[in-house]
Amino acid sequence: MKNGIQGIRLGRAVGATVAAGAMLATGLLSAAPAQAATAPTIAAKGGYVMNNATGTSLYTKAADTRRSTGSTTKIMTAKVVLAQPNLNLDAKVTIQKAYSDYIVSKNASSARLIVGDKVTVRQLLYGLMLPSGCDAAYALADKFGTGSTRAARVKSFIGKMNTAAKNLGLKNTHFDSFDGIGNGSNYSTPRDLTKIASSAMKSSTFRTIVKTKKYTAKTITKTGSTRTMAPWVNTNTLLNNYSGTIGVKTGSGPEAKYCLVFAATRNGKTVIGTVLASTSAAQRETDAKKLLNYGFSRA
């Protein structure tokens, strides 16, 4: 009889422990299944991961805290360009001295575009997303903004970026630049940036660009000859270092620190997420890998 009572007590104790564990999981991990891995620790100050198909949150860390985003801003730059009505990706844009001067004045990342060259919109998008060219970003903002002056066109384009954010229902995102070199009011959150990237990934052109590791553009010079540019290499090292990676964009800066918006597909499931304000380029990749592994364990 004693053994029977002990068994009942033991059963109750185990049941209570399981129940407590379930409550803990519900409170902290949004009802994580029992077999899910423990939520990882990341160096980044903010992080977010979701199932791309369902929009279900899989991981959050200060996911709604506004932060500087660095060049992850360029995801929205590309999204706005690709959303233009009757977009001709083969339309040519002449590179202006203003774009070159801007790069020099800001000590900004560059696609090394050459003044006077004619470059297609498609090439500019590669120059924007792979080497993170702020000159390419400027050229696109100038091309697709409206107004009689360059300043007016750029302001108009940034307005389109903010309208796109509003249309996605994002409350914690604001742009004051076309490339992430902000003027005090350029911010987003891990959750919002992930949603921007998820929306951008609906474009087949965008998907093709952000999973490309290297791209060589052939531009037309002032004299009409063809210039073969030095290859643009994608700054997103996950493409080489994490199986299934399909995008999307790095970012960095004095205020932003090291950022990465990432996406990968495995076994038919796509996990997409963001880390903001990590401690180094290597660490943001490590953070992203941890979050991808965790995301796939829960997706």
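Look up a bit, the structure's there.
Residues numbered from 1 in each chain as written. Predicted model: local features only at pLDDT ≥ 70, side-chain atom pairs only at ≥ 80, totals over all residues. Heavy atoms only, no water.

Another aspect to go through is the environment of Thr223. One can find Thr223 in the loop between strand 6 (218–220) and strand 7 (226–228). The exposed category is assigned to Thr223, whose relative accessible area is 72%. Measuring from C-alpha to C-alpha, the distance between Thr223 and Gly116 comes to 9.3 Å, with 107 residues separating the pair along the chain. (Helix = DSSP H or I, 4+ residues; strand = E, 2+ residues; numbered from the N terminus. Buried < 20%, exposed > 50% of the residue type's maximum accessible area, 1.4 Å probe, protein only.)

Here we come to unusual backbone geometry. Cis geometry is adopted by the peptide bond preceding Val248, which originates at Gly247 and carries an omega value of 5°. Along the chain, Val248 falls in strand 9 (residues 245–253). Positive phi, close to 65°, is recorded for Ser132, a residue that is not glycine. Residue Asn267 is not a glycine yet carries a positive backbone phi of 50°. Looking at the element boundaries, Asn267 is found in the loop between strand 10 (257–266) and strand 11 (269–278).

Okay, the pairing of strand 11 next. In terms of burial, strand 11 is a largely internal element, 9 of the 10 residues being buried. Pairing analysis gives 6 bridges linking strand 1 (residues 46–51) to strand 11, with the strands arranged antiparallel. Following the sheet pairing, Met50 is matched in strand 11 by Ile272. In the sheet, strand 10 pairs with strand 11 via 8 bridges, with the strands oriented antiparallel. Paired with Leu260 across the two strands is Val275, which belongs to strand 11. Two successive antiparallel strands, strand 10 and strand 11, enclose a turn made up of 2 residues, where Asn267 displays a positive phi of approximately 50°. (Pairing = 2+ DSSP bridges.)

By themselves these figures say nothing about function.
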